[in-house]
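Each chain is listed here by its residues.
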Amino acid sequence: MEAMKETVDLSLREMRETFASGRTRSVKWRKTQLEAIIEMVKDNEEKMCDVLFQDLGKHSTEAFRDELGFVMRSAATALNSLDKWVVPRKSNLPLLFYPATGKVISEPYGTVLVLSSWNFPISLSLDPMIGAISAGNTVLLKASELSPNASAFLAKIIPSYLDNKAIKVIEGGPDVATILLQHQWDKIFFTGSPRIGKIIMAAAAEHLTPVTLELGGKCPTIIDHHSVSKDIMSIVKRISGGKWGSCSGQACISVDYVLVEQSFASSLIEMFKPVIKSFFGENPKESGCVARIVTKKHFQRLSRLLNDPRVQASIVYGGSMDEEKLYVEPTILLNPPLDSEIMNEEIFGPVLPIITLRDIQESIGFIKSKPKPLAIYAFTKDEKLKTRILSETSSGSVTFNDVMIQYMCDALPFGGVGESGMGRYHGKYSFECFSHEKAIMEGSLAMDLEARYPPWNNFKLTFIRLAFREAYFKLVLLMLESIGFIKSKPKPLAIYAFTKDEKLKTRILSETSSGSVTFNDVMIQYMCDALPFGGVGESGMGRYHGKYSFECFSHEKAIMEGSLAMDLEARYPPWNNFKLTFIRLAFREAYFKLVLLMLGLKR
């Protein structure tokens, strides 16, 4: 351990020196590293698929869809968008601060620690790293020891492609993680269980280090069969593909359990059975399309959950296990006891409980009684039910009429709330995750207000009161020590003024009241939906045009609504070369080639 402590010390010192040199702040450096990540994945696709098979038994198509293709798309998005992301954002300051100007710049935190998980060991290592590099940080990655082949591969290959003075990989288990957490980092990004997340957060608190915790939880799926009865087979396929076709249910966003009305449960179970067989064959263990359980310890955990006699009695499909091959058959439970362990901890395996309700509207209360999940999935076309789900529940995200695809969409933030995590990433949100938004304000020395300085008197107190209220007209009157001229006419809907005299403009703005003021034109303000349109006084009240809203103390919940009008077989097992080609083209957004592929043509 002493040697590891020394290795960590030296690595951290070199990374801090690299960051202090300013090299990683360069947009050119960031782009070079992002290009290298894409090249690294392309050059080593077969090797990466091999280590994912060795660690988890993933089929190469599943590996490309969930990990390699995802990483290349993420890096390409960052590479293509970086020039826009780094541009300072101008802030419109209140008139009170005139002639000062303001802007917000995104600056890198510094040296960040990424602790990744074992279930998607390539993507959950490289995707946060993409965000950290995009923001201009130096990065130390510790991949999970539970996927040892992937961890060893990353430790070997990353220094060959990326700047090894700024980006480093250290291997090891909990003892190494403990050493890393004893150091001060500028940001920590962790993917894993809530239990370990609490340890990470406690260690970070010692140094007041900001953290992003991507955890998990029991993600429910609501099936409102009344409104989606015509599309029920597509729904069964999507749930089956999401539950059993992605790391055998060992995913934080996997469907954990299904909520359905009691009258439909038996029919639903009968629909699952042929779909599971069409995906994984009569013997899923030999299909090559079912990932295995990661370790013997995790297998024994699942075995313990299923061997509860009350849970065993609820098995309606599957249930067989093979400890030697770390295999658990796709399994369906019907109404396991709600106080059983399997219904009170994240399953993280190929077991799907179906819970029946008298009325699907009761699903809202059921979900609210549990800790906030990372995702809620709901198959429904009932707009009232959708509204209730959005307004009465809290979750990291909500996806209507599909499962898990929100994770692949980098236009939406991905992250949890409450026990399912804190912080968010993907796409621009990853850049923001690893950036500090620094406020910049530039004042002017051309003028000064004596009211800001002692000695204090009633005039200065009155000035400060009016300034906090932004009562600019009264401030002008106060400074001029006069009442001024107030028009006797009702307040108009609009004032138009053709002038280049800035003093006159200022007087019009500060000494009159109207719905709007337009300088050097007439009526065009009505056409501009970036501005509010409305009156004041006798000319009206309220405003419209465009969108005016506010955000305060809110979790930005990603909402995605899929369509049940069509389904793509390429997203489901069994895997073949056609499906792999389809997925490759989809990640590249090569839509014309996709059409040719589906038509059976070549170009």
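Identification of the chain as Aldehyde dehydrogenase domain-containing protein from Brassica cretica is taken from an unreviewed UniProt entry. What UniProt records for the chain under Sequence similarities (unreviewed entry) is the sentence "Belongs to the aldehyde dehydrogenase family."

Visitor: Tell me about the sheet that holds strand S1 (residues 89-91), and name the residues and values.
Guide: Here three strands make up an open sheet; going across it, the order is S1-S2-S18 and the pairing antiparallel. Either end of the sheet is taken by a strand with one partner, and the two such strands are S1 and strand S18 (435-442). Neighbour-to-neighbour, the strand axes of this sheet turn through a mean angle of 30°, independent of strand direction. Pairing of strand S2 (residues 101-108) with S18 involves eight bridges; the strand directions are antiparallel. What sits directly across from Ile-105, in S18, is Lys-438.

Visitor: Kindly report on the nonpolar core, identifying the contributing residues and their values.
Guide: Membership of the largest hydrophobic core comes to 99 residues, with the highest contact counts inside it found for Leu-126, Met-129, Ile-158, Ile-223, Ile-239, Leu-268 and Phe-272. With 11 residues, the top contributor of residues to this core is helix H4 (residues 60-85). The residues touching Leu-268, leaving out its near neighbours within four places in the chain, are Ile-223, Val-236, Val-258, Val-260 and Ile-354. Ranked by size, the runner-up nonpolar core spans 28 residues in total, among them Val-311, Leu-333, Ile-355 and Ile-360.

Visitor: So, the packing of aromatic side chains: which residues are in play, and what are the values?
Guide: Taken as a whole and assessed by the stated rule, the structure comprises 12 aromatic pairs. Seen in terms of ring centroids, Phe-70 and Tyr-407 are 5.0 Å apart; in terms of plane orientation they differ by 25°. Their pairing is stacked. With Phe-70 in helix H4 and Tyr-407 in the loop between strand S16 (397-400) and strand S17 (421-422), the pair connects residues that are 337 residues apart, well separated along the chain. Overall, the relative accessible area of 6% leaves Phe-70 in the buried class. Between the aromatic rings of Trp-85 and Phe-431, the centroid separation amounts to 5.6 Å while the plane-to-plane angle is 40°, which identifies the pairing as tilted. Taken as a pair, Trp-85 in helix H4 and Phe-431 in helix H15 (residues 428-433) lie far apart in primary sequence, 346 residues in all. For the residue pair Trp-85 and Phe-431, the accessibility class agrees, reading buried in each case. Among the aromatic residues, those joined into a ring-pair cluster are Phe-70, Phe-189, Tyr-407, Phe-414, Tyr-425 and Phe-434.

Visitor: With reference to specific residues and values, describe the packing of helix H2 (residues 27-43) against H4.
Guide: Their axes nearest at 9 Å, the elements H2 and H4 cross at an angle of 160°. Regarding the angle of H2 to H4, the classification is roughly antiparallel. Crossing of H2 over H4 shows left-handed handedness. Between H2, through Val-27, Arg-30, Lys-31, Leu-34, Glu-35, Ile-37, Ile-38, Val-41 and Lys-42, and H4, the contact on the second element is made entirely by Leu-68, Val-71, Met-72, Ala-75, Ala-76, Ala-78, Leu-79, Leu-82 and Asp-83. Each residue belonging to the contact of H2 with H4 can be placed in one class, and the counts come to 13 nonpolar, no polar and five charged.

Visitor: Can you lay out helix H10 (residues 262-280) for me, pointing to particular residues and giving the numbers?
Guide: Between its first and last C-alpha, H10 extends 28 Å over 19 residues, near the 27 Å set by a 1.5 Å rise per residue. Taken residue by residue, H10 has Phe-264, Ala-265, Leu-268, Ile-269, Phe-272, Val-275, Ile-276, Phe-279 and Phe-280 as its buried positions. Looking at the buried side of H10, the elements it contacts are strand S8 (220-223), helix H9 (232-244), strand S9 (257-261), strand S10 (315-317), strand S13 (331-334) and strand S14 (351-357). Once H10 ends, the next one or two residues include Gly-281, with phi positive near 80°.

Cut-offs used in this document
- Within each chain, residue numbers correspond to sequence positions counted from 1 in written order.
- pLDDT decides what is reported in this predicted model: residues at 70 or higher carry local features, side-chain atom pairs at 80 or more are listed and counted, and totals for whole chains, interfaces and linings draw on all residues regardless.
- Only hydrogens and water are set aside when side-chain values are computed; all heavy atoms of the structure are taken into account.
- UniProt positions are given in the numbering used here, feature names are shortened, and annotations may be inferred rather than shown by experiment.
- A strand pair is defined by DSSP finding two or more bridges across the two strands.
- Going along the chain from the N terminus, every DSSP run of H or I of four or more residues is numbered as a helix, and every run of E of two or more is numbered as a strand.
- Under this scheme, a helix contributes an axis fitted over its contacting stretch, all axes are lines through C-alpha atoms, and angles between N-to-C directions fall in the 0 to 180 degree range.
- To define a nonpolar core, start from buried Ala, Val, Leu, Ile, Met, Phe, Trp, Tyr and Cys residues and group those joined through side-chain atoms within 4.5 Å.
- Exposed residues in this analysis have more than 50% of their type's maximum accessible area, buried residues have under 20%, and partly exposed residues fall in between, with area computed by a 1.4 Å probe over protein chains only.
- Here a residue-residue contact requires only that any non-hydrogen atoms of the pair lie within 4.5 Å.
- Each Phe, Tyr or Trp ring, with Trp reduced to its six-membered ring, pairs with another whose centre is within 6.5 Å; inter-plane angles below 30 degrees give stacked pairs, above 60 give edge-to-face pairs, and intermediate values give tilted ones.
- Orientation categories follow fixed angle ranges, with anything under 35 degrees roughly parallel, anything over 145 roughly antiparallel, 65 to 115 roughly perpendicular, and all other angles oblique.
- For a crossing to be left-handed, the near helix must be turned anticlockwise from the far one by less than a right angle; the clockwise case is right-handed.
- Each residue is assigned to one of three groups, with Ala, Val, Leu, Ile, Met, Phe, Trp, Tyr, Cys and Pro labelled nonpolar, Asp, Glu, Lys and Arg labelled charged, and all others, Gly among them, labelled polar.
- Take the number of residues in a helix, subtract one, and multiply by 1.5 Å to get its expected span.

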